[in-house]
Amino acid sequence: MQGTADFGARAGLPQRGLFQVSPQRRTPPERTKASTQDSRAHNRSLVLARLYNEGEMSRSELARASKLTAPTISALVAELEQDGLLVEIGPRQEGRVGKPAKLVRIDEDGTNVLVLDLSHSDRFTGAVVNLRGDILDRAEVELGASLGVEAYELVLTLVQKLFTLAHRRVLGIGIGSPGIIDDTGVIRHAAHLGWSDLPLAQRLTERFGVAAHLGNDVNLAALAVLHERAKGVQNLMVVTIDHGVGAGLVVGGKLVEGEQFAAGEIGHVTVEEDGDACVCGRRGCLDMLISAAHLRGRLARTDEAQRPAVLAKAGRALGVVLAPIVSVLNLNDVVLTGPADLIEGTLLEAVIETAQARTLPAVSASLRIRSLAGDTDLTLIGSACMVLSAELGVL
C-alpha cells in the first residue's frame, strides 16, 4: 500500500507530515472592475434564482422581477434553454383577454449533478441527482484499507461510474469529504484517508472536464438541512457522531468555516481531564465519549442494565460542549446525525437536558435539539446544493 508521502510525490504536492499542515488563512478577494462576463454571469444567476425559488414565470414577469430589459431577458432565456437549464411550457390558464404569455421554468431533469460522500469508514458513496437534488441513481466503491493514492484512485473510479449513470449533461461534481478543506478545494488534512494537501477539486476538474467543488462532509450536511430539511431556518448547527465527531455551522444562511477552515472541529474538545487517550495525543476528548465507534465499543463492554448510563454520560458531555456555542450565537436549531440506535432516546434526552440547564432561559426557551439520525443522504444533498450555488447561483 502506498502511503501519504508517496502520494504527495506522485501528485507533485508539498512533502509535509500528516499533522504538520502549514497554517493557512483566508485572503480577501482583490477588488476588480466588473467585466461584461461578470455582468452576464450575474444576470444568468438572477434569472435562474427567480425561477428556481419562485416557480414558472413569463419573460415579461422575469423582466419586471429582475429589473433587466426585455431584450436581455429574451437573450438569457434562449441561452439557458440551449444549456438545458430552462424549458418553455404552455401559457398560464387565467382567462386573460388577449394572447397569453408563454411561461418558462427550470428544467429540473435537463441537467445532472454528480455527488460523492467520502465520509464513510468502509466505502465511498455517490449519486446522480437532478437540479432539485432528487436522487436518480446511486453507486459506491468499497474502501477497504485503501489510503493515499489508492483511496484517490477509488474516487476516480466512483466518478467514472457516476458518469456512466448520468443521462443528461453534467453540470458539475460535488464532493463531501472528512477533514480540513480550504476554499480552493484542497484537502489540507484528512487523517483516515491518508491525504494531506491534496488539490482534489482541481484534479477532478482537469480529469473529467467539468467543474468539481469540494466541501467538508459535515458542513455540506448542514447545507442540506438548511435548504431541504429545515427550510426557513437561517441559523443552525448540525452535529454528527457517525465517523468521528464534527459540527457544521450556519449563521445568517451562510456556512461558517473559520479562518483556518476548521470551524466545527469539536471532537477534540477536552471533556474529561482523566479520560481515555485520544489519537490527537491528549486525553478525554469528546470524540472518545460520543463517536459511534467508541460509544459502541463502550456499550459492548458494559452490562445491559448499565448501558443507559453510558448513553446518558455521552449525551451530557455533548450538551456541555454545545451550551456555550448555543449561548454565544443564540442558536435555536441543533440537529444530531448518526446511528439512530445510539442517538435517539437516552443520549438525545441527556443532550437536551444538559444544554438547557447550562444556558439562560432566554436562550434555552427557544432551543430545539432534534435528531435526523439515519438520514444518510445529507452529505450527498449538501454536495448538490454546493454545486447549484457555485455554478448557477440559485441557493
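Relevant structure appears above.
Let me begin by describing the structure that accompanies this report. (Residues numbered from 1 in each chain as written. Predicted model: local features only at pLDDT ≥ 70, side-chain atom pairs only at ≥ 80, totals over all residues. Heavy atoms only, no water.)

1. With respect to the overall build of the chain
Of regular secondary structure, the chain possesses 14 helices and 15 strands. For the chain, the share of sequence-separated contacts (at least 6 apart) that also reach a separation of at least 24 residues comes to 62%. (Helix = DSSP H or I, 4+ residues; strand = E, 2+ residues; numbered from the N terminus. Contact = heavy atoms within 4.5 Å.)

2. Some thoughts on helix α3 (residues 59-66)
The set of residues buried in α3 consists of Glu61, Leu62, Ala63 and Ser66. Looking one or two residues past α3, Lys67 carries a phi angle of roughly 65 degrees, positive in sign. (Buried < 20%, exposed > 50% of the residue type's maximum accessible area, 1.4 Å probe, protein only.)

3. A few points about the sheet that holds strand β4 (residues 111-117)
Across a sheet, paired strands are connected by hydrogen bonds in the backbone, their directions being either parallel or antiparallel. Spatially, the five strands line up as an open sheet ordered β6-β5-β4-β7-β10, and their pairing is mixed. The sheet is open, and its two edges are formed by β6 (135-142) and β10 (212-216), each paired on a single side. Each neighbouring strand pair of the sheet contributes to a mean axis angle of 20 degrees, computed without reference to strand direction. The sheet contact formed by strand β5 (residues 123-129) and β6 spans seven bridges and is antiparallel. Each residue of the ladder has a partner; that of Arg123, found in β6, is Glu142. Helix α7 (residues 217-229) rests against β7 (169-177) and β10 of the sheet, and its axis sits at about 95 degrees to β10. (Pairing = 2+ DSSP bridges. Axes fitted to C-alpha atoms, helices over the stretch in contact; angles between N-to-C directions.)

4. Some words on the packing of helix α5 (residues 148-165) against helix α6 (residues 200-208)
Where α5 meets α6, the closest approach of the two axes is 12 Å, and the angle between their N-to-C directions is 45 degrees. Between α5 and α6, the interaxial angle falls into the category oblique. The handedness of the crossing between α5 and α6 comes out as right-handed. Along the contact surface, α5 presents Tyr152, Val155, Leu156, Val159, Gln160 and Phe163, while α6 presents Leu200, Arg203, Leu204, Arg207 and Phe208. A class-by-class count of the residues in the contact of α5 with α6 yields eight nonpolar, one polar and two charged. (Parallel < 35°, antiparallel > 145°, perpendicular 65-115°, else oblique. Left-handed = near helix turned anticlockwise from the far one by under 90°. Nonpolar A, V, L, I, M, F, W, Y, C, P; charged D, E, K, R; others polar.)

5. Focus: the nonpolar core
Counting residues in hydrophobic clusters, the biggest one holds 34 residues, and the most contacted among them are Val239, Leu318, Val334 and Leu336. Contributing elements (two or more residues each) for this core: β11 (236-240), β12 (246-251), α8 (286-290), α9 (292-300), α10 (307-329), β14 (333-337), α11 (340-343) and α12 (346-357). No other element matches α10, which puts eight residues into this core. Beyond its immediate sequence surroundings of up to four residues, Leu318 is in contact with Val239, Ile266, Leu286, Ile290, Leu336 and Val351. One finds Leu114, Leu158, Ala190 and Leu214 within the second-largest nonpolar core, a separate group that totals 33 residues. (Core = buried A, V, L, I, M, F, W, Y, C linked by side-chain atoms within 4.5 Å.)

6. So, the sheet that holds strand β13 (residues 254-256)
Strand order in this open sheet of five strands is β13-β12-β11-β14-β15, and the pairing throughout is mixed. A strand with exactly one partner marks an edge of an open sheet, and here the two such strands are β13 and β15 (368-371). Taken pair by pair, the neighbouring strands of this sheet meet at an average axis angle of 25 degrees, ignoring direction. Across five bridges, the pairing between β11 and β12 is antiparallel. Bridged to Met237 within β12 is Leu249. Contacting β11, β12 and β14, α10 crosses the sheet at an angle of about 160 degrees to β11. Together, β14 and β15 form the strand contacts of α12, whose direction differs from that of β15 by roughly 170 degrees.

7. Structural notes on the pattern of salt bridges
A side chain of one charge can pair with a side chain of the opposite charge if their charged atoms are brought near each other. In the structure shown here, the tally under the stated rule is 15 salt bridges. A salt bridge links Glu54 to Arg50, with the shortest nitrogen-to-oxygen separation between them at 2.8 Å. In this pair, Glu54 and Arg50 are both assigned in helix α2 (residues 36-54), four residues apart and thus about one turn of the helix distant. When its relative accessible area of 27% is taken as the criterion, Arg50 is described as partly exposed. (Salt bridge = Lys/Arg side-chain N within 4 Å of Asp/Glu carboxyl O.)

8. A look at α12
For α12, with 12 residues, the first-to-last C-alpha span of 16 Å sits near the 16 Å given by 1.5 Å per residue. Within α12, the full set of buried residues consists of Leu347, Leu348, Ala350, Val351, Thr354 and Ala355. Buried residues of α12, viewed axially, fall in a sector of 160 degrees; they line one side. Exposed residues pointing more than 90 degrees away from the buried face of α12 are listed as Glu349, Glu353 and Ala357. Where the residues of α12 are buried, they touch α9, α10, β14, α11 and β15. (Expected span 1.5 Å × (residues − 1). Arc of directions from axis to C-beta.)

9. Concerning the side chain of Asn112
Its place among the elements puts Asn112 in strand β4. With near-sequence residues (within four places) excluded, Asn112 lies in contact with Val128, Val129, Leu136, Ala166, His167, Arg168, Arg169, Val170, Leu171 and Gly172.

10. Quick notes on unusual backbone geometry
Note: most peptide bonds trans; most residues except glycine with negative phi. The backbone of Asp197 sits at a positive phi, close to 55 degrees, despite the residue not being glycine. The class for Asp197 is buried, based on a relative accessible area of 8%. Positive phi is not limited to glycine here, since Phe261 has a value of about 65 degrees. Along the polypeptide, Phe261 turns up in the loop between β13 and α8.

Just geometry here; none of it tells us what the structure is for.
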